[in-house]
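# Survey of secondary and tertiary structure
The chain contents come next:
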Amino acid sequence: MALLAGVVALVFYRQQSLLQTDGELPISGLRHAVQVHRDASDVTHILAKDPRDAWMAMGYVHAQERGWQMEFNRRIMRGTLSEVFGEATLSTDRTLRALGIHRAAATQMAGVSAEAMAAATAYSQGVNAFFANRQQALSPEFQIFGIDPREEATAGTYWEPVDSMAWSLMMALDLGGNWGNEVARLTALQVLDTPALWQLFPPYPGETPAATADLAQLYRTLGVFNPTPQPTASLAPADDNQVASIGQAMEAWSRNLGNVEGKGSNNWVVDGSRTASGKPLLANDPHLGLSAPAIWYFARLQAPDVGELKGMDVIGATLPGTPFVVLGRTPEVAWGFTNTGPDVQDLFLEQINPDNPNQYRIPSEQGMAWADFETRLETIRIKDQPDEQFMVRTTRHGPVISDVPGPTQDLIDSKRYALALRWTALNPDNNSIQGTLESNRVRSVAELVQAFSHFEAPMQNVVMADRAGRIAYKAVGKVPLRSPANDIRGVAPAPGWEARYDWQGWLPYTETPQDDGSQGWIATANQRIHGPDYPHFLTQDWAPPYRHDRIASLLETTPKHTLASFSSIQGDQTSLATQRLLPYLQRTVSNHLLAAAAQKALADFDGEMRQDSAAPLIYTAWVDEFTRGVIGGRLGKARFEKLYGKRLFRNAVEDILERDDAAWCGSGGCALASSEALGRALDRLKVMQGDDVAAWRWGEAHPAISIHRPFSNVGALAPLFEVRIPTGGDPFTVNVGQYHLDKADAPFANRHAASLRAIYDLDDPERSVFIYQTGQDGNMLSPRYRDMRDGWAAVQYRALQMQPEQWQHSLTFTP
C-alpha cells in the first residue's frame, strides 16, 4: 500500500513539475499581454508589444524550463555553492571569489547603456516573477537539496541584472585558455630546458616560438619554483557520499579553469556563386562541454520599437541567464561564432617584499619600489559549519590566483612570489552586452559588423551573411597590444615589476582580422585566422589546422552547395590528424597476442573515426599510451598527470615520431616506444571490450556524455540525469568528439562536441535548420529533456522558422 501511495505521489509530482504551455498565465509587471508559442521544432516564440515585455518573458521562460541550471550557475558565479553542498565545494567558491567575477560584473554593469540596463532588469524581473509566484512544482534537484528561491525572488534579489553580466563573464572564462597554457609551460620548465619546452609545445606550423627569452634560465635565476612542493589535498571528504562526489567534481572543475586544450568550433559561409540557390549559406557548430540540460535554449524574440527602446525580431540560440539571442538570425542576416582564442590572459609573477609580505614589487627607475596588495575579506557560508573568511589579494595587474586551490598553488615559492592574472574580460569598461543587444535587430552584414564593435570578451570569429548576398568575416573582441621589448609575449608568466611586460593599449577594432569573402567562401575552425604578414601578435596557441583544412577541402570539392552538402560537412568524421600518425601505428611490430588482429583491423583504416569500427579505438588507445610513455616518462608521472588529459600534446607527439627523437623516446628509439605503447593499449582494450578485436567498437568507448551538475557524480542518479549516446569522431574531426583522458572511468568518452548545429539559408531563411544534443526542457521528468539526442547524433535537424505553419502550443502571459 505504501508503495502504491509512493507511485501515485510521484506521478502527481511529475505532472505538477511540467510547465504550462497553453491557456493564460498571469505575470505581474508586464506592460501588455505576451504571446508565447511553441512550434513543431519545440522552439519558443515570444511575441511582445514592448521590448521590455519580450525580455521579461524570456526570463520567465528560462526560469520555467531551466530553473535548476540557472540556480546552479548562479551559485557558481557568486561563489555560494558551499551554502548548499558544504565544505566539499569550498575550493570552487574560493576560486570564483578570488577571480572576482561577480564584483567585476557589478562594476561593468554600472557603465552600460540605459537600453542594456533595461533589458537586464526586465529579464531579471521575469526570472524572479516565476520563482516568486510559480504554479508548477520545482524540478527534482530543488526538492533533493531543499532549495526554495521564493523568498529571494519575492524580494527581487534571486536574479539581479548583474547576474546576467556575470554569466557572460563565466562564458568568457570557459572559453579562455591561455593562462592555463602559461601554467603548463611553467610546470614543464621544472624539468625541461627552453628548447625542449618548444618541442613539447610546438609553435604553430610555419612559426618560430613567440617568446625569445630563455624561460628556463629566467625562472631558475629568479628562484620561482617551490623548493618543497606538497600535494594539494582535496577538500572533499574521503567517503563515497553524494556531497563528497559533488565536491570532488567541482574541485576538478575549478582546477581545470583555463586548462583545456582545443576549445573550438566550426563555422563557414559561402556566397551565391557557390550555392545552387544563388544566395549564401552559413553553417555553425560551436564546440563546448556537453551538459544536461544543454547550454543553449532556442527561442524567437519579437517586439516593435517603443519610445527610445528599439525592437527586435530574432531567432536562435539563447543562453539561459541572459536575455538575448547569441547565435542565430534576423529576417535578413545570419551569423555564427567560433572561438578566436587570442592571448587576452597574462600571468604576472609578483615579487613579495621580503621585509613586508603585504607588499609586492612594482616598476621603478630608482631601484626597488613596492606597493601594497589590495585586499578584501570574503565570507563564505558553509552548510552545517561556521562561515569561512579568507583574504583575497589583488595587484595592479589583477587578482592573485596562486592563493586558491589550483594548478599554481604548490608550483611557485609562495613566500617569494604570487601569480596575478590580467584578463580583458575583467576590465571595468567591458561592454559586450551592448554588442549582443544590437546584433538582435540588424538588417545587413554592415550593421552586424558595427553592432559587434562593442563586443569585448571572449573574442569570437564571426562569419555572417545577408539576404542581399554579402558574406563577411570579422574577429570581434578586445586584444591587448604588447611592447616590442616584451620577449615573453604572454606565453608564460612574466616578471610583474618590469614595465616592458605590461600591456600597451588595445588593438583597434578596424585592425582585427577580417575577410570580405572575395574567394567565395570563408571558414574558421580555431586555426590561425591571419596570414604570416599580419602586423599584430594575437597568440601562438592556435588550434591545429586539421578541421579547417578538411572543411576547406570539402567546400572546394563541391561546386554548388546546398543544405544537404553543408549537413554532410557538419557530419564529417575523417581525421586528418589520424591520417598523419596512422602509418607509424600500422608499421609497429608487436608480439602481443592481439596484435595481428589489431593490425588486420587497421589495414584498411583511412582515418574515418566511425563509431561502428574497431580501428579508431585501437588508434586512440595507442596514441594515448605512446603519449603517456614518452612525454610522461620525460616529465615524470605526477607532473605529467597535472597537464595531461584535457591537453593531448598531439603536435608534440607528431614531431617526436617524425624526428624519431631518442631524447624523448629513449635509447631504444620511437619504434620500440610505439611497440610498447601498442602492447599496453591492447591490454587496456581487452579489459574494456573483450578479446575479440573484430567486435570492438569506437562508439562504445566514445559515447557523448552530457553531464548533469551535480548528479553526474552520484552513481545511482547519473543514469537518470545524464544524456548519453554512442558517437564517432575525435578531437580533430569536423564532427568533433573531444575526450578527456584524465577521466579514469571513461577516458575516451566524448565530452566536448557540437553544442548545437545550425545551417542558415539566405535564399529562404525559413529553410534554416538546427539541432542540439539534449532537449529544451531542463526537467529530467519531462519527455522534452532528451528528445533531440538521437537526431543530434545522427546529424539530423529541426526547422528553425519564424513563420511556422502552425503552433503546437499557445500560451498568453497576461499582466
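Everything discussed here concerns the structure shown above.
A short tour of the structure in this document, coming up. (Residues numbered from 1 in each chain as written. Predicted model: local features only at pLDDT ≥ 70, side-chain atom pairs only at ≥ 80, totals over all residues. Heavy atoms only, no water.)

The next thing to look at is a nonpolar patch on the surface. A contiguous nonpolar patch, built from Met-1, Leu-4 and Val-8 and spanning about 380 Å² of accessible area, is present on the exposed surface. The topology assignment puts Met-1 in the segment before helix 1 (2-17). Judged by its relative accessible area of 83%, Met-1 falls in the exposed class. (Patch = residues over 30% accessible without salt bridge, like charges linked within 9 Å, V, L, I, M, F, W, Y side chains within 5 Å. Areas by Shrake-Rupley, 256 points an atom, 1.4 Å probe, with all protein chains shown as cover. Salt bridge = Lys/Arg side-chain N within 4 Å of Asp/Glu carboxyl O. Helix = DSSP H or I, 4+ residues; strand = E, 2+ residues; numbered from the N terminus. Buried < 20%, exposed > 50% of the residue type's maximum accessible area, 1.4 Å probe, protein only.)

Taken in spatial order, the eleven strands line up as 1-30-2-3-6-7-8-9-16-17-21 in an open sheet, and their pairing is mixed. The open sheet has two edge strands with one neighbour each: strand 1 (23-26) and strand 21 (514-515). As defined by bridge partners, strand 1 adjoins strand 30 (residues 809-814) across four bridges and the pair is classed as parallel. Residue pairing in the sheet places Leu-25 in a bridge with Phe-813 of strand 30. Seen against the sheet, helix 2 (residues 51-78) touches strand 1, strand 2 (34-38), strand 3 (44-47), strand 6 (297-303), strand 7 (312-318) and strand 30 and runs at an angle of roughly 160° to strand 6. (Pairing = 2+ DSSP bridges. Contact = heavy atoms within 4.5 Å. Axes fitted to C-alpha atoms, helices over the stretch in contact; angles between N-to-C directions.)

As a further point, take the nonpolar core. Counting residues in each nonpolar core, the largest one holds 227 residues, and the members touching the most others are Leu-215, Trp-296, Trp-622, Ile-631 and Phe-813. Among the elements that line this core, the one with the most residues is helix 2, at 13 residues. With residues near it in sequence (within four places) discarded, Ile-631 still touches Leu-200, Phe-626, Phe-640, Phe-649, Ala-652, Val-653, Ile-656 and Trp-664. Of all hydrophobic cores here, the second largest spans 16 residues; its members include Val-270, Trp-521, Ala-552 and Leu-555. (Core = buried A, V, L, I, M, F, W, Y, C linked by side-chain atoms within 4.5 Å.)

As for its position among the elements, Leu-377 is in strand 13 (residues 374-382). Measuring from C-alpha to C-alpha, the distance between Leu-377 and Met-391 comes to 4.7 Å, with 14 residues separating the pair along the chain. Look past the residues within four positions of Leu-377 in its chain and what remains in contact with it is Gln-389, Phe-390 and Met-391.

All told, the structure shown has 33 aromatic pairs when counted by the stated rule. Arranged with centres 4.9 Å apart and planes meeting at 90°, the rings of Phe-85 and Phe-145 form a pair that is edge-to-face. Taken together, the residues span a long stretch of sequence, with Phe-85 in helix 3 (residues 82-85) and Phe-145 in helix 7 (residues 140-145) at a distance of 60 residues. Judged by relative accessible area, Phe-145 falls into the buried class, the value being 18%. Between Tyr-546 and Phe-732, the ring centres sit 5.9 Å apart and the planes meet at 85°, which makes this aromatic pair edge-to-face. Separated by 186 residues along the polypeptide, Tyr-546 in helix 16 (residues 546-557) and Phe-732 in the loop between strand 24 (723-726) and strand 25 (737-738) bring together distant segments of the chain. Against the face of Phe-201 rests Arg-185, its NZ or CZ located 5.3 Å from the ring centre. The lysine or arginine in question, Arg-587, covers the ring of Tyr-584, its NZ or CZ lying 4.6 Å from the ring centre. (Phe/Tyr/Trp six-rings, centres within 6.5 Å; stacked < 30°, edge-to-face > 60°. Lys NZ or Arg CZ within 6 Å of the ring centre and 35° of its normal.)

The next subject is the side chain of Gln-345. By the secondary structure assignment, Gln-345 is in strand 10 (residues 345-353). Not counting residues up to four positions away in its chain, the partners in contact with Gln-345 are Gly-176, Gly-177, Asn-178, Trp-179, Glu-182, Leu-421, Arg-422, Trp-423 and Trp-503.

On to helix 20 (residues 615-635), then. One turn of an α-helix holds 3.6 residues; hence residues three or four places apart share an orientation. Helix length check: helix 20, at 21 residues, gives a terminal C-alpha distance of 29 Å against a target of 30 Å (1.5 Å per residue), a fit within 8%. Among the 21 residues of helix 20, 17 are classified as buried, and the element is accordingly described as predominantly covered. At the C-terminal side of helix 20, Gly-636 shows a positive phi close to 95°. (Expected span 1.5 Å × (residues − 1).)

Backbone geometry follows two general trends: most residues other than glycine have a negative phi, and most peptide bonds adopt the trans configuration. Between Ala-457 and Pro-458 the backbone carries a cis peptide bond, its omega angle lying at -5°. With respect to the secondary-structure elements, Pro-458 resides in the loop between helix 15 (445-451) and strand 16 (460-466). Notably, Asp-384 is not glycine yet its phi reads approximately 65°, a positive angle. Examined against the element boundaries, Asp-384 turns out to sit in the loop between strand 13 and strand 14 (385-394). A positive phi angle, near 55°, is found at Phe-649, a position not held by glycine.

Next up on the list: the pattern of salt bridges. Counted under the stated rule, the structure contains 49 salt bridges. Taking the shortest distance from any N to any O, the salt bridge between Glu-115 and Arg-441 comes out at 2.7 Å. Residue Glu-115 is located in helix 6 (residues 114-133), and its partner Arg-441 is located in the loop between helix 14 (432-439) and helix 15; the two are separated by 326 residues in the primary sequence. Relative accessible area serves as the criterion here: at 13%, Glu-115 is assigned to the buried category. Measuring nitrogen to oxygen at the nearest pair gives 2.8 Å for the salt bridge that ties Arg-376 to Glu-378. With respect to class, Arg-376 is no different from Glu-378; both count as buried. Several salt bridges share partner residues, and in doing so they unite Arg-38, Asp-42, Glu-65, Asp-777 and Arg-784 into one network.

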